[in-house]
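Architecture at a glance
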Amino acid sequence: MEKAFNFRLLKEYGLKTKPNFRTGESAPTPFWKYALAGTFFLAFGLRLAVFFQSRDVLPVETPVLDSRYYLEAGRAIASGEGLGTRPYFMSPGYIWFSAFFNWAFDHPNRAIVLFQILLDSLTCVLTALLAGRLFGYLAGLVAGVLLAASGYQILSATRILPETAAAFLMPVLLFAFLRGQEKPGFKPLFFAGAVLGLLALLRSNSLLILPFLGLALWLSREEAGFKSVAVRFSYVLLGAAVVILPVTHRNLTVGRDMVLISSSGGVNFYLGNVTEGDGRFISLNQLPLAPGSFDDDPTGNRFEKSIQAYAEREEGRALRPSQVSAFWTGLALQEIAQAPLAWLKLFLRKIFLFFNAFEVPQVDNLYFLSRYLSILDGPLAHISRILWPLGLFGFLVLLFSTRRPVALLSVFIGYALSVIFFFVTARHRLPVVPLAASFAGFAVAYLYELLQLWNIRRILFGFTLFAICAVFTNLNPAFGERSNTAGEEQKKSLFGVGAEYLDFASQHNNTAALLLEGGDMPGAERESRQGLALKPQHSTLLFNLARALDGQGRLPEARAAAEQSLRNSPNNAVVAAFLGDLYYKSGDFAGARQVLEAALRLSPANAGAWNTLGPTLYRLGDLEGALAALGRAESLSPGWLEPRYNRGILLSRLGRHTEAAALLDSLGRSAPDNRDVALARAEALIGAKRFEEAKQLLDAGLEKAPENVGALLLKAELFLKQSRPKEARLSVLRALAVNPNNSRALELLQACDKMEKRGRLSP
């Protein structure tokens with residue numbers, strides 16, 4: 001059983017020592033109750049304010065990357081589509097969490113966020129109770145307030161990601177486990193195991209806490225023997241198994257593969273331990289892996305398919321998800337074995353990053369988004385500069401104390417190692433921040449006690465150690481790195497971190513991608529250029545700039561940006577396919593063919609590249625090759641209309657009107673309101689001499705859009721085919737009234753004149 005610390009704290013303001021809320025010994029005072037209520041409302045108010053402010057901020061309001069994956073996966077379950085026949089790739093717990101809100105609410109995004117705001121506010125209260133239970137009311141008050149005001153904690157509660165729920169479960173796990181130590185029995189330890197199981201379904205790396213719980217039971221065993229400790233630990237294991245095994249069973253029966261929770265562990269281990277890394281998340285696009293390429297959006301099904309395709313190419317055989325994970329784990333272990341000293345240096349760097357006050361960005365960048373969210377643009381963004389020095393100091397004091405809180409230390413160390421063995425980001429560190437805040441609360445109470453005892457030697461030692469912790473945690477995490485551009489040298493944060501390390505460029509890139517999706521091409525261009533000012537060689541920013549310029553009709557500039565993007569990332573099939581499309585639009589068909597064929601060598605299943613290659617080959621005179629390319633695009637993406645449309649047009653151009661009409665008829669049934677498809681169908685029907693059907697189709701279209709020049713001219717052609725020049729002339733004149741300079745209309749007008757002249761001359 002773990003005993004509470006007994007500080008000689010002054011009992012002013014109702015503060016008391018040795019709180020034990022279970023037995024009623026030193027029952028909470030009114031001040032403590034008000035403090036807990038104040039902590040809750042402080043946390044809830046700050047998070048709610050950020051929520052309302054973020055509704056007008058595009059990078060916050062619109063889910064991207066992992067957030068988007070969780071929402072779409074949850075929507076698929078709620079609508080009855082399910083998640084296919086593969087084992088889970090990402091956190092199944094949060095997928096089902098999202099599924100519930102998609103099923104229960106019309107606007108699941110905001111419902112999820114509001115629930116998480118409530119949950120995170122309760123996390124702050126639970127953290128205060130945990131620190132108060134172990135170290136006294138002063139420690140609890142400090143821990144709760146620090147967590148309530150922590151900028152990244154506040155921001156995370158408004159994001160659709162599993163870490164906020166995981167942070168809530170962390171103090172719940174500690175309370176349950178402490179209860180099980182005080183009164184050894186089945187229920188509390190089973191419950192602690194079940195909570196750990198839920199935590200693992202949100203963050204599968206949390207499973208590493210499990211052996212540390214066993215260690216905590218052993219270290220706090222008092223007179224209990226090994227058998228008694230083993231029995232107690234079996235209760236914890238059983239609780240975790242009851243929660244996790246249904247997921248494993250689903251993976252085995254539905255996915256036909258033995259995956260415990262999710263299959264992303266291997267590639268994440270590789271990303272965190274590859275020698276080119278620096279301890280943070282590193283995209284596979286940045287690594288010298290050949291052959292093969294990876295999508296720019298490193299999440300969800302596309303990313304999963306990419307890592308599987310690469311592993312299968314390297315292994316030369318089809319692989320199950322568990323084998324793909326093992327492949328990437330093996331690659332990482334191979335690199336570690338080849339350069340063990342480099343890996344040790346990287347491991348130490350990750351320890352440094354874990355305890356650093358800087359919130360290492362991945363999906364969200366606190367320091368970037370605080371420019372849009374005025375509530376966070378100030379002290380709240382930098383609370384971690386207080387929390388982590390105090391937290392590290394409290395952790396070290398307790399670690400070497402003779403009466404250490406074994407459970408708290410064990411869970412903290414277990415989770416910390418589970419992050420450090422992979423890669424360190426603020427997002428992945430978030431679930432353990434409530435425990436760090438508890439250490440910080442203890443640190444304040446401990447330093448306060450030192451001052452009360454007035455022992456100069458102990459005071460000097462304690463405050464010197466705290467100063468060392470403060471310097472260590474606030475060191476620039478980019479220490480020893482040099483910026484590549486003048487723009488990076490100019491852009492500094494309060495930490496002295498260059499813009500490259502802050503990764504503002506990627507945040508501008510994410511915003512540009514959202515604006516492109518929404519059709520705001522000038523806005524996307526602005527964001528892309530702002531990102532490129534910080535990181536001129538950023539391949540994806542150049543690609544998004546090219547897309548934005550193309551959307552504004554600035555073809556030469558778009559080509560230049562796409563060419564630079566491809567030079568910087570030569571194995572990126574997506575960029576190569578887009579550049580081929582730009583070459584085609586500008587009339588450089590030979591260049592388009594070369595780039596598109598290169599893209600298809602990198603990614604043979606790229607339907608977009610095949611779709612552009614078809615018209616390109618037609619322009620170059622390779623008619624059969626063009627038809628084959630469009631057929632391949634159609635087979636790769638059966639639901640995509642454009643390849644079928646292009647193939648229909650091409651068949652018409654080749655004089656194979658009957659085939660074209662049959663293909664475009666089926667396409668018309670799939671897209672009855674598509675004007676381009678209707679015109680192509682009419683053209684094919686005219687070529688196939690199905691004049692009456694063509695006329696009915698054109699009349700129906702002109703009824704909806706009387707000034708459709710294409711339809712008017714096709715109708716004129718139809719009348720000419722039927723030797724009805726007067727009616728053809730009327731149709732052409734209607735088209736010229738809309739567009740007086742249409743060259744095709746002028747040609748048809750001349751044809752009408754000739755036909756009428758021949759008619760007058762004939763006997």
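Now for a quick tour of the structure. (Residues numbered from 1 in each chain as written. Predicted model: local features only at pLDDT ≥ 70, side-chain atom pairs only at ≥ 80, totals over all residues. Heavy atoms only, no water.)

1. Considering the overall build of the protein chain
This is how the line gets drawn: Numbering of helices and strands runs from the N terminus, with a helix taken as a DSSP run of H or I at least four residues long and a strand as a DSSP run of E at least two residues long. Remark: exposure states derive from per-residue accessible area (1.4 Å probe, protein chains only) relative to the maximum for the residue type, with buried under 20%, exposed over 50%, and partly exposed in between. Here, residues are in contact when the closest pair of their heavy atoms is within 4.5 Å. The Shrake-Rupley method, run with a 1.4 Å probe sphere, supplies the accessible areas, and residue values consider only the shown protein chains as cover.
Helix and strand content of the protein chain: 38 helices and zero strands. Counting all 763 residues of the protein chain, 55% fall into the buried class. Once local pairs closer than 6 in sequence are excluded, the contacts in the protein chain between residues at least 24 apart make up 68%. Accessible area of the protein chain: about 33,200 Å², with a carbon and sulfur share of 59%.

2. Let's talk about empty space enclosed by the protein
Stated formally: Cavities and pockets were defined on a 1 Å grid built from protein atoms only: a cavity is a group of points that admits a 1.4 Å probe but offers it no way out, a pocket is an open group of points flanked by protein on both sides within 12 Å along at least five of seven lines, and a lining residue is one with an atom within 4 Å of any such point. Grid points are joined across faces, edges and corners, and a volume is the space filled by probe spheres set on the points.
Under the definition given, this model contains five cavities of 30 Å³ or more. Taken as a whole, the second largest cavity encloses approximately 80 Å³ of empty space. Secondary-structure elements contributing two or more residues to the lining of the second largest cavity are α7 (151–157) and α8 (163–182). At three residues, the largest contribution of residues to the lining of the second largest cavity is made by α7.

3. A short note on the nonpolar core
We count it as follows: Here, nonpolar core means buried Ala, Val, Leu, Ile, Met, Phe, Trp, Tyr and Cys residues that are tied together by side-chain atoms lying within 4.5 Å of each other.
Grouped together as the largest cluster of nonpolar side chains are 144 residues, with contacts concentrated most on Leu173, Phe177, Ile209, Trp328, Phe354, Phe412 and Leu435. Ignoring sequence-local partners within four residues, the contact set of Ile209 consists of Met170, Leu173, Leu196, Leu199, Val411, Gly414 and Tyr415. Counting 66 residues, the second largest nonpolar core, distinct from the first, contains Leu545, Leu579, Phe719 and Cys752.

4. Observations regarding a nonpolar patch on the surface
The test is simple: What goes into a patch is any residue over 30% in relative accessible area without a salt bridge, connected to like charges within 9 Å or, for nonpolar side chains (Val, Leu, Ile, Met, Phe, Trp, Tyr), within 5 Å. What counts as a salt bridge is simple: a side-chain nitrogen of Lys or Arg found within 4 Å of a carboxyl oxygen of Asp or Glu.
Side chains of Leu451, Trp454, Ile456, Leu460 and Phe463 sit close together on the surface and give an oily, nonpolar patch of about 520 Å² of accessible area. When residues in the nonpolar patch are grouped by element, the largest group, three residues, is from helix α21 (residues 456–473). Looking at the secondary structure, you find Ile456 in helix α21. Exposure remark for Ile456: the relative accessible area of 46% places this residue in the partly exposed category.

5. With respect to the side chain of Gln362
Among the secondary structure elements, Gln362 is positioned in the loop between α15 (340–355) and α16 (366–369). Gln362 has contacts with Phe281, Thr425, Arg427, His428 and Gln507, leaving out every residue within four places of it along the chain.

Taken by themselves, the reported measurements are silent on function.
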